[in-house]
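Structural overview for review
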Amino acid sequence: RPTASSLNFIAGGTVPNLVTVRVPATGIVEFYNSAGSTHLLVDVVGYYSLPASHATDTGRFVPVMPTSAWDTRTDNSALFAHDKASFPIAGFDGIALTATAVVANVTAVRPTSAGYLTAFPDDLCAIPTVSSLNFAANQTVPNMVISRLSPVSSCSQGAGYLAIYNDAGDTHVLIDVVGYFMA
């Protein structure tokens, strides 16, 4: 068993984290809890595979200098309960217009009640039933998110958008991009 942790928590807390692990030949990923007892929820959001050809950049990850793409505090536009906002990511500050997915740190800042944020591609007509990060009232909580960006569709604001849904209360949202995947 590795000696590093993938997720740390205190008693009574609900804590998410994005974890990338190698799937062994058995196809079974094991989980270990170091103390006490806890419920575990696992949402598989994707996988990496070797490209058929290394001759193109298709699917390649491109890291960028971490950049603050969005901060709702700048115009005091907090997300309210059951609110969804769409943010253009592709084409922003060095992020290619052809980016198809984003790696970002999403942060809930000063929420007025306990709740969660969900990050997802803006072209989805229904809000996914998973959380990207969970928070308590007045708690500032970040989490890494990897999400596909939207193509143009009847449900999207346009190509290259990321949507954020706020479950409860009011909260400000920060989106700090650290990289993207090529088309």
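Analysis parameters
Residues numbered from 1 in each chain as written. Predicted model: local features only at pLDDT ≥ 70, side-chain atom pairs only at ≥ 80, totals over all residues. Heavy atoms only, no water. 1 Å grid on protein atoms, 1.4 Å probe; cavity = no way out; pocket = protein on both sides within 12 Å on 5 of 7 lines; lining within 4 Å. Points joined across faces, edges and corners; volume = space filled by probe spheres on them. Helix = DSSP H or I, 4+ residues; strand = E, 2+ residues; numbered from the N terminus. Nonpolar A, V, L, I, M, F, W, Y, C, P; charged D, E, K, R; others polar. Salt bridge = Lys/Arg side-chain N within 4 Å of Asp/Glu carboxyl O. Buried < 20%, exposed > 50% of the residue type's maximum accessible area, 1.4 Å probe, protein only.

1. Some details on the layout of surface pockets
In this model, the second largest pocket occupies a volume close to 250 Å³. Residue lining of the second largest pocket: 14 residues in total, with Thr14, Val15, Asn134, Gln139 and Val141 positioned closest to the centre. Put simply, the parts of the chain that give the lining of the second largest pocket at least two residues each are strand 5 (133-135) and strand 6 (141-148). Across the lining of the second largest pocket, the residue classes break down as 8 nonpolar, 6 polar and no charged.

2. Quick word on the pattern of salt bridges
One pass over the structure, following the stated rule, counts 3 salt bridges. One salt bridge in this structure joins Arg73 and Asp71, with 2.8 Å as the shortest N-O distance. A relative accessible area of 38% places Arg73 in the partly exposed class. Lys84 is the salt-bridge partner of Asp122, the closest N and O atoms lying 3.2 Å from each other. Highlighted residues: Asp122 in the loop between strand 4 (115-121) and strand 5 and Lys84 in strand 2 (residues 83-88), separated in sequence by 38 residues. Look at Lys84 and you get partly exposed, because its relative accessible area is 33%.

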